[in-house]
Amino acid sequence: MNLHEYQARTLLKAAGIPMFEGDVASTPTEAEAIARRIGGTVVVKAQVHAGGRGKAGGVKLARNPAEAMDEAAQILGMTIKGLTVHKVLVVPAAEIVTESYVGLIMDREAQCPVFMVSAAGGVDIEEVAAKTPEKIVRLPVDPTYGLFPHQALRLAFVLYRDFTQVKAAARIMEQLYAAFVNNGASLAEINPLVTAPDGRVLALDAKVVIDDNELFWRPDLGVLRDDSAEEPSEAAARRANLSFIKLDGNVGCVVNGAGLAMATMDLVKYYGGEPANFLDIGGSSSPEKVINALKIITADPHVKAILFNIFGGITRTDDVANGIVAATRQFKVDVPIVIRLTGTNEVEAIRILEGVGMRALSDMDQAVQQVVQLARGAA
Amino acid sequence: MNLHEYQARTLLKAAGIPMFEGDVASTPTEAEAIARRIGGTVVVKAQVHAGGRGKAGGVKLARNPAEAMDEAAQILGMTIKGLTVHKVLVVPAAEIVTESYVGLIMDREAQCPVFMVSAAGGVDIEEVAAKTPEKIVRLPVDPTYGLFPHQALRLAFVLYRDFTQVKAAARIMEQLYAAFVNNGASLAEINPLVTAPDGRVLALDAKVVIDDNELFWRPDLGVLRDDSAEEPSEAAARRANLSFIKLDGNVGCVVNGAGLAMATMDLVKYYGGEPANFLDIGGSSSPEKVINALKIITADPHVKAILFNIFGGITRTDDVANGIVAATRQFKVDVPIVIRLTGTNEVEAIRILEGVGMRALSDMDQAVQQVVQLARGAA
Amino acid sequence: MSIFVDRDTRLLVQGITGREGSFHSRQMLEYGTAIVAGVTPGKGGQTFESRVPVFNTVDEAVRATGANVSVIYVPPMAAAAAVVEAADAGLPLVVCITEGIPVMHMSRTMPFVRGRGVRLIGPNCPGLIAPEARAKVGIIPGNICSPGRVGMVSRSGTLTYEVVNHLTRAGIGQSTCVGIGGDPIIGTNFIDCLRAFQNDPGTDAIVMIGEIGGTDEQNAAVFVREHVTKPVVGFIAGQTAPKGRRMGHAGAIISGSSGTAEEKLAAFEAAGIGIMRRPADVVDLLRSRM
Amino acid sequence: MSIFVDRDTRLLVQGITGREGSFHSRQMLEYGTAIVAGVTPGKGGQTFESRVPVFNTVDEAVRATGANVSVIYVPPMAAAAAVVEAADAGLPLVVCITEGIPVMHMSRTMPFVRGRGVRLIGPNCPGLIAPEARAKVGIIPGNICSPGRVGMVSRSGTLTYEVVNHLTRAGIGQSTCVGIGGDPIIGTNFIDCLRAFQNDPGTDAIVMIGEIGGTDEQNAAVFVREHVTKPVVGFIAGQTAPKGRRMGHAGAIISGSSGTAEEKLAAFEAAGIGIMRRPADVVDLLRSRM
């Protein structure tokens, strides 16, 4: 789960990390009040889960509270990459002496949290990573011991020479690690970590991603989720416990298992079609899940044909068949449906479908070819 | 540092461990109020750091609040093994179905905390340990991981069959481990852990010993120290940063280093004397420490002669010599002093002592023989 | 022959009385797997399906039955602790089926597991199956598998079934099928399985089913090039997946763990691994190489 | 010859600019020890006594100077972290002089140290000295030692000096004197030193100085009986110490770690270790056995 910048700031602040002041506003008036409190020039930043906010006009400088109100009025309600802006973050347009990068990521290969720090921080960190990776120092942390003081110090010495700043940065490393662990994060990032003209070391921008698996037992983190900042169909799918990602094609896909779902999309493409979505109904699928899946997919006007690809293992194919039948009774599906079913209880499933005049294929390639043709014919 | 039973109860209660109710009283009236709150028969227990409280009359049954007040009046102010009772603990005279032992100790050999649990708990646990050690189950805990849930469960299954009680006991194991770690304990003990007639699992008596090395950075624990419950000379020594234990002999000993201090006591005994104390002035000894050491030793009327045994390494023997000279100027020492000095700055030290008419030996055996003779002559 | 499990496998099921555990234990018994013990704290003394004794703790179960493999079907929040319990009881192989375990739990668990010299398969995996030995540990449907000499290793669940199904229908049997799981931190990776298949005299060829994300397939390809003499064919799911939807931030990018399908397929190509464009390609591709 | 340190010892001092660290570093330099680096965070770039470069971190110091032993003089609350830093930097031998480290810190530190294959001596110990190699690592006064062939291992500080002093005055030199420290949890115990002395061709006989408490001396005695062919003489301090003053509770008693002088002396006796009744006995006892 991606957190907004303002939420990430709140988490890191709670962990004791010194932050540039600033606050989040939902209305232009709130933005003006924050700008007045901060004083001087501020930056007004759209809070959406999308990159390239600056280029899209979602980040603006304001020299006084009145300008901040104007800019906030412009940005609030704006659409960036299909997402509506509901909140802006107002922060001081800081006078910055140095900009560093500090990131902490749960690393697949190291199987543990890994720090990445670089004195060459700021907006260009991705270019630094690509062109001069030696400027980024990596340090794996054994989670059974946590971040050792000497490790925090070593990372801090990568960024600063002045020992007061080194100690301040080392403390921030420890606080960032604690925030990462205590919030079940898979990423926690400060970019840039800056030094102010008076020498203080402060976090300017923050990014935190929470491991979705933590949310089951951490309702306190779950409430941070901002449905409005997401694609509405994806938010709806998540509430229905479906793993769903919207794409731009016209072949709707309902599959059990993430790997098979991706392979199905790939095969749609292979046969000349364009998948409209990734959708994994998961292992133990109830008819209810199938109904929800069909609702979400049929809500997309681009979808011209729908493919079910179910390989029954834990998933009972008769459950899926029942779901399809129930859905078509609940609401009218205007596009053709191709069904491929095999595995657990497939005889019963086929009987159920045939009972309402539907038929099922058993071969995946055949089913994909058919649905691609149907979608093309309809388009 | 030994904690009183009532202090140990407070620590364990704070960790969430269910305790038999009860509270500590400093006056008979307070004891009466607690007994009234508890209702029924209560036990009034002296709070002193000494074993055999029961036999000394420091533990009494009281059938009602009035009796509790009477018993408290008897016990408060009583002297048990030289220690005055300033507080009593008032607890219900519980109806107990089973009594178990749960102990957690920092084990030298395992180099980690080790649980010891036994279904044969209660007052006889030491006999169980001596005669049927197989009735005590030991489990080392790796402090890098902490107590695993399955370990807590395994310990709990040693004590109970009923799964509700097992789960309750497993939780207590985890809480006891947390209390142990968070308070820097070297021992945390529940004896007995009891089951009440209604099936509840509760801690009755508790004992906690805090690692003295933790106290430097844990002032919150340091305040639990009860000087009044200790031998006054030992409390005074500790305040002067001296490691001191009072004994029953007549040869006072001032030594640098615990090992050499013990060896000095042993040699006093070897030559037919009786040491009056163990005293280690530590490594970097200032003259101030020597003065305090002499004050504490001369306060003991049994001391008939005093031996200084200083092997200068880090300890500068001239510091010690200066301390001796300063002390004898500050107050009159009525008993003879034998001084053995060797090592760092010994030439200077001997010059200082000779300047006031004292002399120093360089051989430990010779010095011990001399002081034993002097003590015997004076006795 | 097979890898990791065989005719001597004596299986213990953690969570045997739970909904998932009991369902799949029945399936495993039906397939012919030797389940010798179950564990559910508080249910010690019961008997599962009139033949499998249930114990309160893994330690107790192992001492009583000589179990040598454990499979875990306990809820996500208790699953990492179950892995630790199995490793602590001295079981050399632990298979964790549970999905949804917080990654931090696994990050803390792996050093313990490795320290005990235990092989963990999973979590969030379908387990493994050795058709010849009738040893099914996990949830891979037994009826789609057949005994034979192709080793199969996969990050996926149902996609594995799809590929195995093609093999079985074409008369190509499997020595062992291993689902290593799709979580960021897993106990056994492609290389571990490739090494075992290379050393297994019962395996003549290997099928690898990968996915986008991470660098495990790229590392495996390098291993194949250097250490595997048996023919290997591979598939990568997610070639059309939108890039950077889940981890589209500096951290993932600068940590170099994006792991696109192109990168992985290029690594396969460089290692001489036969590339399956479709799951169905597995049959012809294997036949052309065996 | 000697154990643990020798002419190739390149010493690093953690806390070299502190009060204790600077005092003892001067003493070690004076004795002839090759101190190649010091570490004090924030003082990197300075030079100690015009000859020893100071670094901010141990890692940096080791890479710059090839130090192979570290000695630690930092305050108690930071000392365990200093041990970890040294072990993490790959130093194979770490000597921790600091007194007053919470036992829980050491309990957490030891698994890490062992995991890295590092030998820790101490904490709360006087360190060690090899007179022939002029290698003094710690605080044992150099002037009371002399080169020779007796190995010495002790839990104590000044009591060790007392015994060494007797040896030197009697013309009996030492191969190495090791103070292992008196804390409940220490990195190197009697057995580790006995094994090293037994294997050291430069050592002909061994002196062991123990104390009451724990079972380390008893275990060492069993080791001597089974594995040590060189003559061993021993002393136990605390024969007249009052029993159970510090640990007089059920926990210590039932854990069986009371460790009285009688138990230890009986174990010495059973192992054929020559028992010193007084520190001065060391000379005659050794002479009678060498």
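Computed from a prediction, not measured in an experiment: that's the story for all the values here.

1. Side note on the overall build of chain C
Helix and strand counts for chain C stand at 10 helices and 14 strands. A compact globule built from 290 residues should have a C-alpha radius of gyration of about 19 Å, and chain C, at 19 Å, falls within 12% of that. With the principal axes as the frame, chain C shows a C-alpha extent of 55 × 45 × 30 Å. For chain C, with 290 residues in total, the buried portion stands at 66%. When the accessible area of chain C is evaluated, it comes to approximately 9800 Å², of which 47% is carbon and sulfur surface. Positive and negative side-chain charges of chain C, numbering 27 and 25 respectively, have mean locations separated by a distance of 1 Å.

2. Some points on the interface of chain A and chain C
In this assembly, 55 residues from chain A lie in contact with 58 residues from chain C. Between chain A and chain C, the buried area comes to about 4600 Å², and carbon and sulfur atoms account for 61% of it. On the chain A side of the interface with chain C, the three residues burying the most area are Arg108, Gln111 and Phe311 of chain A, jointly 17% of the side's total. Our count for the chain A to chain C interface comes out at three salt bridges. Arg278 of chain C is the partner of Asp365 of chain A in a salt bridge, and the nearest nitrogen-oxygen pair spans 2.6 Å. Linking chain A with chain C are 14 residue pairs in polar contact (both at pLDDT 80 or more). Among the elements that line the side of chain A that touches chain C, the one with the most residues is helix 9 (residues 258–270) of chain A, at nine residues. Its residues assigned to classes, the side of chain A that touches chain C comprises 28 nonpolar, 10 polar and 17 charged.

3. Concerning the domain arrangement of chain A
Often, the extent of an interface is quoted as the loss of accessible area on bringing the components together. Under the domain assignment, chain A is made up of domain 1 (21–92), domain 2 (98–222) and domain 3 (231–378). Placing a centre on the C-alpha atoms of domain 1 of chain A and another on those of domain 2 of chain A gives a separation of 26 Å.

4. What to know about the nonpolar core
If you look at the biggest cluster of nonpolar residues, it comprises 101 residues, and the most contacted ones within it are Val71, Val95, Val207, Met208, Met276, Val282 and Leu286 of chain C. Tallying contributions element by element places helix 9 of chain A first for this core, with seven residues. Apart from the residues within four sequence positions on either side, Val282 of chain C is in contact with Val163, His166, Leu167, Val207, Val233 and Met276 of chain C. Val368 of chain B together with Leu194, Phe197 and Met276 of chain D belong to the second-largest nonpolar core, a separate cluster that totals 99 residues.

5. Topic: unusual backbone geometry
Following Gly122 of chain C, the chain continues to Pro123 of chain C via a peptide bond in cis, the omega torsion being 10°. On the secondary structure map, Pro123 of chain C appears in the loop between strand 7 (119–121) and strand 8 (127–130). Positioned with a positive phi, Asn241 of chain B is a non-glycine residue whose angle comes to about 65°. Looking at the element boundaries, Asn241 of chain B is found in the loop between helix 8 (232–239) and strand 13 (243–246). The phi torsion at Ser50 of chain D lies on the positive side, around 55°, for a residue other than glycine. Summarising the element assignment, Ser50 of chain D is placed in the loop between strand 3 (47–48) and strand 4 (52–55).

6. A word on the packing of aromatic side chains
On inspection of all chains with the given rule, the structure shows 12 aromatic pairs over all chains. Each ring, one from Tyr145 of chain A and one from Phe148 of chain A, has its centre 5.7 Å from the other, and the planes form 35°; the classification is tilted. Accessibility expressed as a relative area gives 24% for Tyr145 of chain A, which makes it partly exposed. Under the relative-accessibility criterion, Phe148 of chain A is labelled buried at 12%. Here the aromatic rings of Tyr145 of chain B and Phe112 of chain C are separated by 5.2 Å at their centres, their planes lie at 85°, and the arrangement is edge-to-face. Residue Tyr145 of chain B is located in the loop between strand 9 (137–140) and helix 5 (149–159), and its partner Phe112 of chain C is located in helix 4 (residues 103–115); the two belong to separate chains. Given the relative accessible area of 5%, Phe112 of chain C is considered buried. Site record: aromatic cluster; members linked through ring pairs are Tyr145 and Phe148 of chain A together with Phe112 of chain D. In this structure, Arg134 of chain C is placed above the aromatic ring of Tyr31 of chain C, and the distance from its NZ or CZ to the ring centre is 3.9 Å.

7. Focus on the pattern of salt bridges
Using the criterion set out here, one finds 56 salt bridges over all chains in the structure. A salt bridge links Glu162 of chain D to Arg340 of chain B; the nearest nitrogen and oxygen atoms lie 2.6 Å apart. Taken as a pair, Glu162 of chain D in helix 5 (residues 158–169) and Arg340 of chain B in strand 17 (residues 337–343) lie in two separate chains rather than in one. For the pair shown, Glu162 of chain D and Arg340 of chain B are each scored as buried. A salt bridge links Glu217 of chain D to Lys264 of chain D, with the shortest nitrogen-to-oxygen separation between them at 2.4 Å. A residue pair is termed long-range when its members are at least 10 positions apart, and Glu217 of chain D in helix 7 (residues 216–227) and Lys264 of chain D in helix 9 (residues 261–270) qualify at 47 residues.

8. Observations concerning the sheet that holds strand 13 (residues 232–237) of chain D
All names here are of chain D. Judged by pairing direction, the sheet is mixed, and its seven strands sit side by side in the order 9-8-11-10-12-13-14 without closing on themselves. In the strand order of this sheet, the two ends are held by strand 9 (135–138) and strand 14 (274–275), each with one partner. Sheet strands in contact with helix 1 (residues 19–31) are strand 8 (127–130) and strand 9, and its direction is about 170° off that of strand 9.

9. Considerations on the state of the cysteines
Within this structure, the stated rule accounts for zero disulfides over all chains. You can see Cys112 of chain B has no disulfide; the closest cysteine sulfur is in Cys96 of chain D, sitting 20 Å from it.

10. Quick word on the interface of chain B and chain D
Taken together, the contact between chain B and chain D spans 55 residues of the former and 59 residues of the latter. Here chain B and chain D share an interface that buries about 4600 Å² over both sides, 61% of which is from carbon and sulfur atoms. Interface area lost by chain B to chain D is led by Arg108, Gln111 and Phe311 of chain B, which between them contribute 16%. Between the two partners, chain B and chain D, sit 14 residue pairs in polar contact (both at pLDDT 80 or more). With nine residues, the top contributor of residues to the side of chain B that touches chain D is helix 9 (residues 258–270) of chain B. Partitioning the side of chain B that touches chain D into residue classes produces 28 nonpolar, 10 polar and 17 charged.

Rules used throughout
- Residues numbered from 1 in each chain as written.
- Chains lettered and ligands numbered in written order.
- Predicted model: local features only at pLDDT ≥ 70, side-chain atom pairs only at ≥ 80, totals over all residues.
- Heavy atoms only, no water.
- Helix = DSSP H or I, 4+ residues; strand = E, 2+ residues; numbered from the N terminus.
- Rg over C-alpha atoms; globule rule 2.2 N^0.38 Å.
- Buried < 20%, exposed > 50% of the residue type's maximum accessible area, 1.4 Å probe, protein only.
- Areas by Shrake-Rupley, 256 points an atom, 1.4 Å probe, with all protein chains shown as cover.
- Lys, Arg positive; Asp, Glu negative; His and termini not counted.
- Charge placed at Lys NZ, Arg CZ, Asp CG, Glu CD.
- Contact = heavy atoms within 4.5 Å.
- Buried area = accessible area lost by both parts, 1.4 Å probe.
- Salt bridge = Lys/Arg side-chain N within 4 Å of Asp/Glu carboxyl O.
- Polar contact = N/O pair within 3.5 Å; in protein donor to acceptor, adjacent residues only side chain to side chain.
- Nonpolar A, V, L, I, M, F, W, Y, C, P; charged D, E, K, R; others polar.
- Domains from an automatic or database assignment.
- Core = buried A, V, L, I, M, F, W, Y, C linked by side-chain atoms within 4.5 Å.
- Phe/Tyr/Trp six-rings, centres within 6.5 Å; stacked < 30°, edge-to-face > 60°.
- Lys NZ or Arg CZ within 6 Å of the ring centre and 35° of its normal.
- Pairing = 2+ DSSP bridges.
- Axes fitted to C-alpha atoms, helices over the stretch in contact; angles between N-to-C directions.
- Disulfide = S-S within 2.5 Å.

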